[in-house]
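Examination of the molecular architecture
Chain by chain, the residues run as shown.
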Amino acid sequence: MSVEDFDVVVAGGGPGGSTVATLVAMQGHRVLLLEKEVFPRYQIGESLLPATVHGVCRMLGVADELANSGFPIKRGGTFRWGARPEPWTFHFGISAKMAGSTSHAYQVERAVFDDILLKNAKSKGVVVREGCSVNDVVEDGERVTGARYTDADGNAREVSARFVIDASGNKSRLYTKVGGSRNYSEFFRSLALFGYFEGGKRLPEPVSGNILSVAFDSGWFWYIPLSDTLTSVGAVVRREDADKIQGDREKALNTLIAECPMISDYLSNATRVTTGRYGELRVRKDYSYQQDSYWRPGMVLVGDAACFVDPVFSSGVHLATYSALLAARSINSVLAGDLDEKTALNEFEARYRREYGVFYEFLVSFYQMNVNEESYFWQAKKVTQNQSTDVESFVELIGGVSSGETALTAADRIAANSAEFAAAVDKMAAGDGDDMVPMFKSTVVKQAMQEAGQVQMKALLGEDAEPELPLFPGGLVTSPDGMKWLPHHPV
């Protein structure tokens, strides 16, 4: 068996894999991407964030193609959540970092969006092979030196590389080769039952393209407009209520819809899609987790291979593409001889753990808002009031303390931030809906937006962007083109 040689091999052709492969290939390196399926293919996770659209996708060179693809424009989010019975809306444009032309994202059919990114990878020089499953890594002592895979014809193949990147999502087992354990959150273990409908209602303009998230006693619904008529609808329930989605899925979904008056109203004249890629009712585990380690010598985990957080904030594609950008910067710096591997990849891991941690804390604050004391689902989510829980374990999970990136040192800080966020939302919802400044000034929102805004500004302004400071003491900063890391030299 002949062994091909590349600088980087990427397992997985979703947004994370396509992004890291493209950004490394754009620096002149030889990249092979192996995807087990043949695109276009179905995938869940249809709601994007502005940082992906105006930051990462602009760096990839596909921002204009996305803008011309007819995807519904998402200007923020609309929620029937918390103490108030009426829905409330936030707009991305309230943030100075996402103002003007960058104050929106898109709702996308992932089969289309992912195909755009994969084709772009090919156009940027990535060798893409579909129908190829990566089965194992090749090791030389402590270092990963390549990968073994089965090609589209069923032949066993081997490839050597300086780096192997696992971007194959939460179902792959390749991540185990990094070592350590996958640590699951004890608090956010949910199941999602979802399908697609034609003819559902829309929110009023100008927010008709927003994701609608609606809490109810058994959990919450997402309602995502994918076109003028097609809607992605899913119910997320706690693990203990798994029996509600067992058996006849059609009956189960209809029962959950009937339990949620707002979603029932929005679907009152809709019909479920029963053919094609959207015809199946699907179930997915939405368990939040993260790995002990995100890399080892010669191997890096990006996207869901490293960690996953509850999807209520539509953070899945953002975390996948953001982690891919971080990994690409590190690998580009090492391949160029600018930094040693440990320094570069420690920066990658610290930043990715921080981003996961702030979204996790944002999530805690969000769930704390619901005041329906009759619902066991929501009581179980009020994690800072769970006295039987090991607080240190909780803090380490959401803060990634081992890397020192998020200063989560006490449960009372989390509770205080949750209360601050809830009060800000309540103040906003009680007004005319235009004064969202309190919510965007709340600690958890500012933390969640910090790096996302930086990525957008770097992509838009390049060398004209404001000088960057390290995210951590003694850490690295981004190169002017956003493609590598640089040591920070204070003036």
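These numbers were taken from a predicted model, which means no experiment stands behind them. All chains use their own residue numbering, which begins from 1 and follows the written sequence. Only residues with pLDDT of at least 70 get local features here, since the model is predicted, and only at 80 or more are side-chain atom pairs given and counted; chain-wide, interface and lining totals rely on the full set of residues. The basis for every side-chain value is the complete set of heavy atoms in the structure, and neither hydrogens nor water enter the calculation.

1. Things to note about the overall build of the chain
Rules: Put simply, DSSP H or I for four residues or longer makes a helix, DSSP E for two residues or longer makes a strand, and each gets a number counted from the N terminus. All accessibility values rest on the Shrake-Rupley procedure with a 1.4 Å probe; residue burial counts only the protein chains present in the view.
Assigned secondary structure in the chain consists of 13 helices and 21 strands. In the form shown here, the chain has an accessible surface area of approximately 19,200 Å², with 48% of it arising from carbon and sulfur atoms.

2. Brief notes about the packing of helix α1 (residues 15–25) against helix α4 (residues 110–123)
Here is the rule: Each axis is a line fitted through C-alpha atoms, taken for helices only over the stretch in contact, and angles between the N-to-C directions span 0 to 180 degrees. Comment on the angle field: the value is read as roughly parallel under 35 degrees, roughly antiparallel over 145, roughly perpendicular from 65 to 115, and oblique elsewhere. Working rule for handedness: look at the near helix, and if it is turned counterclockwise from the far one by less than a right angle, call the crossing left-handed; if clockwise, right-handed. Contact definition: two residues touch when any of their heavy atoms are within 4.5 Å.
Look at α1 against α4: their axes get within 9 Å of each other, and the N-to-C directions meet at 20 degrees. Judged by the inter-axis angle, α1 sits roughly parallel to α4. Between α1 and α4 lies a crossing whose hand is left-handed. Of the residues in α4, those touching α1 at P15, S18 and T22 are R110, F113, D114, L117, L118, N120 and A121.

3. Digging into the packing of α1 against helix α2 (residues 50–60)
Note the following rule: Charged means Asp, Glu, Lys or Arg here, nonpolar means Ala, Val, Leu, Ile, Met, Phe, Trp, Tyr, Cys or Pro, and polar covers whatever is left, Gly included.
Relative to each other, α1 and α2 sit at 50 degrees, their axes nearing to 9 Å. In terms of orientation, α1 lies oblique with respect to α2. Taking contact as the criterion, the partners of T19, T22 and L23 in α1 are, on α2, V56, M59 and L60. For the contact of α1 with α2, the residue count by class is four nonpolar, two polar and no charged.

4. A closer look at the packing of aromatic side chains
Let me state the cut-off plainly: Pairing of aromatic rings covers Phe, Tyr and Trp, the last through its six-membered ring, and needs centres within 6.5 Å; plane angles under 30 degrees mean stacked, over 60 mean edge-to-face, and all others mean tilted. Three exposure classes are used, based on accessible area relative to the maximum for each residue type with a 1.4 Å probe and protein chains only: buried under 20%, partly exposed in between, and exposed over 50%.
All told, the structure shown has 15 aromatic pairs when counted by the stated rule. Relative to Y196, the ring of Y42 lies with its centre 6.0 Å away and its plane at 90 degrees, an arrangement referred to as edge-to-face. Of this pair, Y42 sits in the loop between β2 (31–35) and α2 while Y196 sits in strand β11 (residues 182–198); the two residues are 154 residues apart in sequence, bridging distant segments of the chain. A single burial state applies to Y42 and to Y196, both of which are buried. Seen in terms of ring centroids, Y356 and Y360 are 5.8 Å apart; in terms of plane orientation they differ by 55 degrees. Their pairing is tilted. Taken together, the residues span about one helical turn, with Y356 and Y360 both in helix α8 (residues 341–368) at a distance of four residues. The exposure class assigned to Y360 is buried, which follows from its relative accessible area of 0%. Among the aromatic residues, ring-to-ring pairing joins Y184, Y287, Y289 and F308 into one connected group.

5. Regarding the pairing of strand β12 (residues 211–216)
A regular strand places its side chains on the two faces of the sheet in alternate fashion. Operational definition: Two strands qualify as a pair provided that DSSP identifies no fewer than 2 bridges between them.
The buried fraction of β12 is high, at six of six residues. Pairing of β12 with strand β13 (residues 219–225) involves five bridges; the strand directions are antiparallel. Bridge assignment links A215 to a residue of β13, and that residue is W220. Between β12 and β13, which pair antiparallel in sequence order, lie two residues.

6. Description of the environment of S160
Along the polypeptide, S160 turns up in strand β10 (residues 156–166). Given a relative accessible area of 22%, S160 falls into the partly exposed group. For the pair S160 and V144, spaced 16 residues apart in sequence, the C-alpha separation works out to 9.1 Å. If sequence neighbours within four positions are ignored, S160 has contacts with V3, E4, D5, F6, T145 and G146.

7. Concerning the pattern of salt bridges
Let me state the cut-off plainly: We define a salt bridge as a contact between a side-chain nitrogen of Lys or Arg and a carboxyl oxygen of Asp or Glu at a distance within 4 Å.
Per the counting criterion, the structure on display carries 26 salt bridges. K201 is the partner of D265 in a salt bridge, and the nearest nitrogen-oxygen pair spans 2.9 Å. With D265 in helix α6 (residues 261–266) and K201 in the loop between β11 and β12, this pair connects stretches of sequence that are 64 residues apart. Among the residues examined, K201 registers a relative accessible area of 33% and is labelled partly exposed. R272 is paired through a salt bridge with E250; the nearest N and O atoms lie 2.7 Å apart. Within this pair, whereas R272 is found in strand β15 (residues 271–272), its partner E250 is found in helix α5 (residues 249–259), the two being separated by 22 residues in sequence. With a relative accessible area of 18%, R272 lands in the buried category. Each of the salt bridges in this network shares a partner with another, and the network as a whole consists of R238, R239, E240, D241 and K244.

8. Some thoughts on the environment of L34
Within the fold, L34 resides in strand β2. In this structure, L34 is in contact with V9, V10, A11, G12, R129, C132, V134 and Y149, ignoring residues within four places of it in sequence.

9. Quick word on the side chain of E355
Counted only if it meets this: In protein, a polar contact means a hydrogen-donor-capable atom and an acceptor-capable atom, both N or O and within 3.5 Å, with residues adjacent in sequence counting only if both atoms are side-chain atoms; elsewhere, any N or O pair within 3.5 Å suffices.
Along the chain, E355 falls in helix α8. Classification of E355 by relative accessible area gives buried; the value is 0%. A distance of 2.8 Å separates polar atoms of two side chains, one belonging to E355 and the other to H318. At 3.4 Å, the side chain of E355 and the side chain of R354 are in polar contact.

10. As for the side chain of D286
Here D286 is to be found in strand β16 (residues 282–291). Among the polar contacts made by the side chain of D286, one reaches the side chain of R284 at a distance of 3.4 Å. If sequence neighbours within four positions are ignored, D286 has contacts with F188, R189, S190, L191, A192, V236, F308 and P311.

11. Quick look at helix α7 (residues 316–335)
What counts, and what does not: A helix is expected to reach a length of 1.5 Å times the quantity of its residues less one.
Here α7 is 20 residues long and its end C-alpha atoms lie 28 Å apart, about the 28 Å a rise of 1.5 Å per residue gives. Residue G337 follows α7 closely and has a positive phi angle near 80 degrees.

12. Focus on α5
Test applied: In this description, the arc belongs to the directions extending from the helix axis to the C-beta atoms.
Among all positions of α5, only A252, L253, L256 and I257 are buried. Looking straight down α5, one finds its buried side chains confined to an arc of 135 degrees; they lie on one side. Exposed residues on α5 whose side chains face more than 90 degrees from its buried face are K251 and A258. Buried positions along α5 lie against β11, β12, β13, β14 (230–238) and α6.

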